[in-house]
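A closer look at the structure
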Amino acid sequence: MNFATYSANGNTYYGAVAPEGMIALSPHFPHWPTLHDVVAGGGLTALAEAANAHPVTHTDYTHEMVLPNAPRILCVGVNFPDRNAEYKDGSAQPKYMSLFPRFASGFTGHERPLIRPPENHTLDYEGEVAIVIGKKGRRIRPEDAYDHIAALTLCNEGTIRDWVRHAKFNVTQGKNWDRSGAMGPWLVPFTDAAQLDEARILTRVNGEVRQDDYLKRMMFPIREEIAYISTFMTLQPGDIIVTGTPTGAGARFDPPRYLKPGDVVEIEVEGIGTLRNGVEDEQ
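What this report covers is the structure whose coordinates are included nearby. The structure presented is a predicted model; accordingly, all values stated were derived computationally and were not measured. Along every chain, residues carry numbers that run from 1 in the direction the sequence is written. Predicted model: local features are reported for residues with pLDDT of at least 70 only, side-chain atom pairs are reported and counted for 80 or more only, and whole-chain, interface and lining totals are derived from all residues. Side-chain measures here rest on the full set of heavy atoms in the structure, leaving out hydrogens and waters.

Here we come to the overall build of the protein chain. Strands here mean DSSP runs of E at least two residues long; helices mean DSSP runs of H or I at least four residues long; both are numbered from the N terminus. Along the protein chain, the regular secondary structure elements total five helices and 18 strands. With C-alpha atoms as the basis for the radius of gyration, the globule rule is written as 2.2 Å multiplied by the number of residues raised to the power 0.38. Taking 283 residues into account, the globule formula puts the C-alpha radius of gyration at 19 Å, and the protein chain, at 18 Å, falls close to it. Overall size of the protein chain, expressed as C-alpha extent along the three principal axes, is 55 × 45 × 30 Å. A sequence separation of at least 24 residues applies to 75% of the contacts in the protein chain between residues at least 6 apart. Total accessible area on the protein chain is roughly 12400 Å²; 49% of this is exposed by carbon and sulfur atoms. Should any heavy atoms of two residues lie within 4.5 Å, those residues are considered in contact. Here the open area of atoms and residues is found with the Shrake-Rupley method and a 1.4 Å probe, where only the protein chains shown may cover a residue.

The following block contains the structure:
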């Protein structure tokens, strides 16, 4: 059973995803106003049980960013061997992972357009798996890390490339343009290590495969990401870690192949789903 945040008839709901539509569950759990509150309260199992007892409520709806009020989103950069080589700076695999923050305002939902701003047209795509923390922890051991994951989702970690070069030590301003990325379509409860250990991630632009790799090839595997991040901050239920993108982003082509209005980007991982977004200029 997968869970989404969506809007219908001017209202925002969370609910279960069914073949025929959405089963609104938020009205039945007023003590959890948002899907983030459900995760923080350890309520995904309760949602699944409720979904089995209720019919589809909405067949006409719009996906929202899956956790639109997530307070903490951390992204891992340059986390595949070929991706490191793309920078052509002769650097070896780094000793420590690169991290930067993103904010929920920078993401839209499934089947919603990524927004290209008028200030700069170097909008790029990055297909990634995102993990949602379900159990609080500090200094988590790698062998225990998966016990702290509640759910998985997909992320198009859209980036305005020229703006990540504005300063020497950070990329935050290129990573947080409003609705430049997407996250969804839904949360998939994490129940089996194979969901990550055997995962293959594909990114297509207008049907052309641009990124194709396996999470097991990450330089810093997800277990290590959780262990490292939890060393300096206590991970809380509802925190999101965006785990890294393979080689093949548009900036690394010669000439670069940035996104333009009318393009369609799809991020696919078997067992999680497909996150699909068009591209529009900001109005």
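That was the structure; now back to the text.
What follows concerns unusual backbone geometry. As a rule of thumb, non-glycine residues mostly have phi less than zero, and peptide bonds are mostly trans rather than cis. Following G184, the chain continues into P185 via a peptide bond in cis, with omega recorded as 0°. Of note, the amide linkage connecting D254 to P255 takes the cis form, showing an omega dihedral of 5°. You can see P255 is positioned in the loop between β16 (240-242) and β17 (264-269). With phi around 55°, N9 is a residue other than glycine that occupies positive phi space. With phi around 55°, N206 is a residue other than glycine that occupies positive phi space. Residue placement: N206 occurs in the loop between β14 (200-205) and β15 (208-214). Whether a residue is buried, partly exposed or exposed follows from its accessible area with a 1.4 Å probe, protein chains only, as a fraction of its type maximum: under 20%, in between, or over 50%, in that order. Residue class for N206 comes out partly exposed when judged on its relative accessible area of 46%.

Turning to the sheet that holds strand β8 (residues 114-116), a few remarks are in order. Pairing between strands is defined by DSSP: at least two bridges between them are needed. Read from one edge to the other, the open sheet built from five strands follows the order β8-β18-β17-β14-β15, with strand pairing classed as mixed. At either end of the open sheet lies a strand with only one pairing partner, and these are β8 and β15. Between one strand and the next, the sheet's axes are offset by a mean angle of 15°, whatever the strand orientation. Pairing of β14 with β17 involves five bridges; the strand directions are antiparallel. Following the sheet pairing, V205 is matched in β17 by V265. Axes here mean lines fitted to C-alpha atoms, for a helix over just the part in contact, with angles spanning 0 to 180 degrees between N-to-C directions.

Glancing now at the packing of aromatic side chains. To pair, rings of Phe, Tyr and Trp, with the six-membered ring standing in for Trp, must have centres within 6.5 Å; the planes then decide the type, stacked if under 30 degrees apart, edge-to-face if over 60, and tilted in the middle. Scanning the model with the defined rule gives seven aromatic pairs in all. Ring geometry for Y96 against Y228: centres 6.1 Å apart, planes inclined by 25°, an arrangement best described as stacked. Taken together, the residues span a long stretch of sequence, with Y96 in the loop between α3 (81-86) and β6 (98-102) and Y228 in helix α5 (residues 222-232) at a distance of 132 residues. By relative accessible area, Y228 is classed as partly exposed at 30%. With a centroid separation of 6.1 Å and 75° between ring planes, the pair formed by Y228 and F232 is classed as edge-to-face.

Another aspect to go through is α5. Looking only at α5, the buried set comprises I222, E225, I226, A227, I229 and S230. Those residues of α5 that are buried lie in contact with β5 (73-77), β6, β10 (127-133), β11 (149-156), α4 (194-197) and β16.

This part covers the side chain of S7. Relative to the helices and strands, S7 resides in strand β1 (residues 3-8). On the basis of relative accessible area, S7 is assigned to the buried category, the value being 18%. For this analysis, a polar contact is any N or O atom pair within 3.5 Å, provided that within protein one partner can donate a hydrogen and the other can accept it, and provided that sequence-adjacent residues contribute only side-chain to side-chain pairs. At a separation of 2.8 Å, a polar atom in the side chain of S7 contacts the side chain of E64. Dropping the residues within four chain positions of it, S7 is found in contact with T12, Y61, T62 and E64.

A large share of β14 lies buried, amounting to five of its six residues. If you look at the hairpin formed by β14 and β15, you'll find two residues sitting between the two strands, and N206 has a positive phi there, around 55°.

With that settled, consider helix α2 (residues 44-51). For α2, the set of buried residues is L44, L47, A50 and A51. One face of α2 carries all of its buried residues, which in axial projection span an arc of 120°. Residues T45 and E49 are exposed on α2 and point more than 90 degrees away from its buried face. To obtain the arc, one takes the directions from the helix axis to the C-beta atoms.

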